[in-house]
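# Fold and geometry: a report
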Amino acid sequence: MQTIESLAEPAVADALCRGTLELRTGPFTTRIRSEDTLIVAELRRLYAAHPVRLNPDFSDFHVEVRSVSGPRRWVRRQVTFLFDGREPFKPLPAVQSFALFEWGLNWCIASSAHRWLLMHAAVLARGDDAVVLPAPPGHGKSTLCAALAFNGWRLLSDELVVLDPETGEVWPLARPINVKNQSIEIVRKLVPTAVMTQPVPDTLKGTVAHVAPPIDAVSAMGERARIRWVVLPQWQQGAATTLEPMSPGEVFPALIENAFNYEVLGEDGFDALSLAARDARGFHFRYSDLREALGVFEDLARS
Amino acid sequence: MTPNISIGLAQLVRGELNALPRDLDGWDRLIRVARAANLLGSIAAECDRAGCLESVPEKPRVHLLGALRLARRQAVAVRWEAERIGEALAPIEERVVLLKGAAYVADGLDFAAGRMFSDVDILVPFERVRVVEDALMRFGWATTHLSSYDQRYYRQWMHEIPPMQHLERGTTVDVHHRILPRTARFDPDPASMLEHARPSRQWPGIWVLSREDMLLHSATHLYHEGETDNAFRDLLDIERLLGCFAEDPAFGASLFARARDLQLLTPLTVVLTMAEAVIGTKVPPEVARELNAQPPSRSLQRMLNTGWQPSHTLCEKPGSAVCRWLVYARAHLLRMPPHLLILHLFRKAWMRFTDADDMPRTENSR
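Counting restarts for each chain, with residues numbered from 1 along the sequence as it is written. Each chain gets a letter, beginning with A, and each ligand a number, beginning with 1, in the order they are written. For this predicted model, a pLDDT threshold of at least 70 governs which residues receive local features, and a threshold of 80 or more governs which side-chain atom pairs are given and counted, while totals over whole chains, interfaces and linings are taken from all residues.

### Describing the overall build of chain A
Our working rule: A helix here means a DSSP run of H or I that spans at least four residues, while a strand means a run of E at least two residues long, and both kinds are numbered starting from the N terminus. For the radius of gyration, the atom set is restricted to C-alpha positions; the globular benchmark scales as 2.2 Å times the number of residues to the power 0.38. Put plainly, a residue is buried at 20 or more neighbouring C-beta atoms within 10 Å of its own, exposed at 12 or fewer, and partly exposed in between, counting only other residues' C-beta atoms, which are placed from the backbone. We call two residues in contact when their backbone-placed C-beta atoms lie within 7 Å.
On a plain count of helices and strands, chain A comes out with ten helices and 18 strands. Relative to its length of 303 residues, chain A is compact, with a C-alpha radius of gyration of 19 Å against a globular reference of 19 Å. In terms of overall dimensions, chain A has a C-alpha envelope of 55 × 40 × 35 Å along the principal axes. Taking all 303 residues of chain A together, the buried fraction comes to 49%. Taking the intrachain contacts of chain A between residues at least 6 apart in sequence as the baseline, contacts between residues at least 24 apart amount to 72%.

Below is the structure:
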């Protein structure tokens, strides 16, 4: 199986330039076209171990990141993301090109993969037991996700849960973790070996960086997991570490609230989430200290 | 790329499933073009109807299933929305007359399975617009397009009031009082269309246009549409409306008689001629005779033949971009005489440039 790191840089750049490079992330394949040097460099660093195909037959998504035409090509260059010719977003400054690619790929999945139930949450696993961490921005979800991913938990995804309504299994994506603002330094200190993009300031989400998924998560991207725990994290300055069980009735709405396409799936979505809620144990988790948090999750895994 | 990707697409939408791709390369192209043309759900519905969805290779099947789920969900949501509009209009004793996609579903036309649509369009008598707007506001809809120029532009010239959006659900209803802007070259009488409206065959209490008017509205809409994204899909709608209705042998004659009454003969002939050319529609002999009597000009045919292809790079022909621009410019000219159009475009550009809500107005520019 070919991976990005098995190809020389000029081969990657050339395939990207011609739009013949296909990247596999879990169940999805994406054919990418770009002449953007930042995209070439960051793809090689952050997706080094991901399987790729050159000249593939069928790809799920055909995407492109390219410079906008007109004056913004030359003065304070901007780039735009295309999903098979359509532009879902407004162009962004060129330094954000890789972040734009990541957000664009999320959008491709969220807008069309209704074969699955999609939830906005981080998801990690121990063996095939998955923990889902749904939380609005600012609750420390990504930081916790990054910490867990490098400390004994297998990363499935940092913000998209891909749940198969037929089998109740979560499919991994094994894509980079998006960390923001203060989290960037926290993660860098906690996991000095992690491969990370240059922090990009002044995006819509503040300063952002992407962290490459651990190699184990990438090589296990075909291994699905079942939701065993639903943990609603809340980071709070100086807070003591507490893990409180939810009442069984709270788990189901917590899942629905974070589902993107619950309505689209109708009855199938209801069945899938009620089964997941029945089988999972829910917790409210408050923390300020990441080390202590990791200990709590270690206990959870053994429970 | 095979030159006939769009013909193949049309065959599949008709349910001619022997046109399904034979290898994954072919599936890759089909899924892409079908998605761009908003036809993925229709193709999925045809495969599902024929019971062959399971035999589609796993990778493309995922996309068909996704589109089918979305389309089915939309059909349920649109019915629910139409019924809520019905509740809002009940106190003022006004009927809900649905237009376009929602009307096809309400009328139980089988091709509407898998069709994607978003807004609900209704037609009400011009003199009832204010009352209808008030009634909708009482049930949670509010006007959009808040700039005073946009409001004035819609109300003075257009065939609909600014879209009304439901404050909780975010859904949109377009309230039409005509099917074309007041400034348009053709002037079909909306009162007559409302007079001929009939109860839909599937949704109790919801009305739709007569069969002739339904097809004429679809054709007129496409003929005047500047955005070409859905043109290919709209041609297929028209073909299949004709297919559903022409089971009645008298339909062809009554369609053209009605087109003459409503001054819509030109849009109808052009659109049906283009359906023959672009998607290979086979029209009944009596319709073909009418079409041959006054064919559209060669240059118009050439422009629409290219401009109305699915807007996807795999369907690009030389001159595609130019043709699409011409379709866009032509649509504007058909909808508004040049002097008004220039003024309108100038105002919009000015407002974009200055971020203003409106232009400074002089006494005589009201």
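### Looking at the overall build of chain B
For chain B, the helix and strand inventory stands at 16 helices and seven strands. In summary, chain B has a C-alpha radius of gyration of 21 Å against a globular reference of 21 Å for 366 residues, a match within 12%. Classification of the 366 residues of chain B by burial places 43% in the buried group. Nonlocal contacts in chain B, meaning residues at least 24 apart in sequence, comprise 67% of its contacts between residues at least 6 apart.

### Looking at the pairing of strand S14 (residues 200–203) of chain A
Residues and elements named next belong to chain A. Stated formally: Two strands pair under a simple rule: DSSP has to find at least two bridges between them.
When S14 meets strand S15 (residues 206–211), the two strands line up antiparallel, connected through two bridges. Among the inter-strand pairings, Val200 is bridged to a residue of S15, identified as Val208. Here S14 folds back onto S15 in antiparallel fashion, the turn holding two residues.

### Concerning the sheet that holds strand S1 (residues 21–25) of chain A
Hydrogen bonds along the backbone pair up the strands of a sheet, which may run parallel or antiparallel. All names here are of chain A. Strand order in this open sheet of six strands is S3-S1-S2-S4-S5-S6, and the pairing throughout is mixed. The sheet is open, and its two borders are formed by strand S3 (52–54) and strand S6 (92–93), each paired with just one other strand. Here five bridges tie strand S4 (residues 61–67) to strand S5 (residues 78–83), and the two strands are oriented antiparallel to one another. Directly across from Glu64, in S5, lies its bridge partner Leu82.

### Comments concerning the nonpolar core
Within soluble globular proteins, side chains that are nonpolar tend to cluster in buried spots. Selection criterion: Here, a nonpolar core means buried Ala, Val, Leu, Ile, Met, Phe, Trp, Tyr and Cys residues linked by C-beta atoms lying within 7 Å of one another. Throughout, the edges of the domains are those of an automatic or database domain assignment.
Formed by 195 residues in total, the largest nonpolar core has its most connected members in Leu124 of chain A together with Leu98 and Ile122 of chain B. Of all the elements, helix H4 (residues 58–89) of chain B adds the most residues to this core, at eleven residues. Shared between two domains, this core takes at least three residues from each, and those domains are domain 1 (4–112) and domain 2 (117–302) of chain A. Contacts of Leu98 of chain B, omitting those with residues within four sequence positions, involve Ala82, Ala103, Ala106, Val120, Asp121, Ile122, Ile206 and Val208 of chain B.

### Describing the sheet that holds S15 of chain A
Residue and element names in this part refer to chain A. Put simply, the test is: Structural elements are reduced to axes, namely lines fitted to C-alpha atoms, with helices fitted over the stretch in contact, and the angle between N-to-C directions of any two is expressed from 0 to 180 degrees.
The three strands are arranged S13-S15-S14 in an open sheet whose pairing can be described as antiparallel. Two strands in the sheet have a free side with no partner beyond their single neighbour: strand S13 (177–180) and S14. Across the sheet, the axes of successive neighbouring strands diverge by a mean angle of 40°, strand direction being ignored. Relative to S15, helix H3 (residues 97–112) is tilted by about 75°, and along the sheet it contacts S13, S14 and S15. Helix H5 (residues 182–190) contacts S13 and S15 of the sheet and is inclined by roughly 120° relative to S13.

### Details of the packing of helix H12 (residues 265–279) of chain B against helix H14 (residues 298–307) of chain B
Residues and elements named next belong to chain B. This is how it is decided: Should an angle lie under 35 degrees it is considered roughly parallel, over 145 roughly antiparallel, and from 65 to 115 roughly perpendicular; all remaining angles are considered oblique. Handedness of a crossing is defined here by the sense of rotation of the near helix relative to the far one, left-handed for an anticlockwise turn of less than a right angle and right-handed for a clockwise turn. As a working rule, the residues Ala, Val, Leu, Ile, Met, Phe, Trp, Tyr, Cys and Pro are called nonpolar, Asp, Glu, Lys and Arg charged, and the rest polar, with Gly in that last group.
Relative orientation of the contacting elements H12 and H14 amounts to 60°, with a least axis distance of 10 Å. Accordingly, the angle class assigned to the pair H12 and H14 is oblique. For the element pair H12 and H14, the recorded crossing hand is right-handed. Here H12 contributes Val270, Thr273, Met274, Ala277 and Val278 to the contact with H14, which in turn contributes Leu300, Gln301, Leu304 and Asn305. Here the contact of H12 with H14 is built from residues that sort into six nonpolar, three polar and no charged.

### Section: the packing of helix H9 (residues 211–223) of chain B against H12 of chain B
Residue and element names in this part refer to chain B. The interhelical angle for the contact between H9 and H12, taken along N-to-C directions, is 80°, at an axis separation of 9 Å. Overall, the two elements H9 and H12 adopt an arrangement that is roughly perpendicular. Residues Leu216, Ala219, Thr220, Leu222 and Tyr223 of H9 form the contact with H12, whose participating residues are Pro267, Leu268, Val270 and Val271. Of the residues assigned to the contact of H9 with H12, the class counts are eight nonpolar, one polar and no charged.

### Concerning the domain arrangement of chain A
Often the size quoted for an interface is simply the accessible area lost on bringing the parts together. All names here are of chain A. Along its sequence, chain A is organised into domain 1 (4–112) and domain 2 (117–302). Here domain 1 and domain 2 have C-alpha centroids that lie 25 Å from each other. Looking at the side of domain 1 that touches domain 2, the elements with two or more residues in it are helix H2 (37–46) and H3. Among the elements that make up the side of domain 1 that touches domain 2, the one with the highest residue count is H3 (six residues). Taken together, the residues of the side of domain 1 that touches domain 2 break down into eight nonpolar, five polar and three charged.

### Description of the interface of chain B and chain A
Of the residues lining the interface, 19 residues belong to chain B; the matching set on chain A comes to 15 residues. Listing elements by their share of the side of chain B that touches chain A, those giving two or more residues are helix H2 (24–36) and H4 of chain B. Residue contributions to the side of chain B that touches chain A peak at nine residues, all from H4 of chain B. Considering only residue class, the side of chain B that touches chain A consists of seven nonpolar, four polar and eight charged.

### A closer look at the confidence of the model for chain B
Residue and element names in this part refer to chain B. This is how it is decided: Summary of the metric used: pLDDT quantifies the predictor's per-residue confidence within the range 0 to 100.
Chain-level pLDDT for chain B is 89 on average; 93% of the residues reach the 70-or-more range. Least confident of the elements in chain B is helix H16 (residues 338–354), whose mean pLDDT is 69; most confident is strand S6 (residues 198–199), at 98. Confidence drops under a pLDDT of 50 for residues 360–366, and excluding neighbours within four residues, the segment shows one contact in the predicted structure. Both scores are given for the predicted complex: the pTM is 0.90, the ipTM 0.91.

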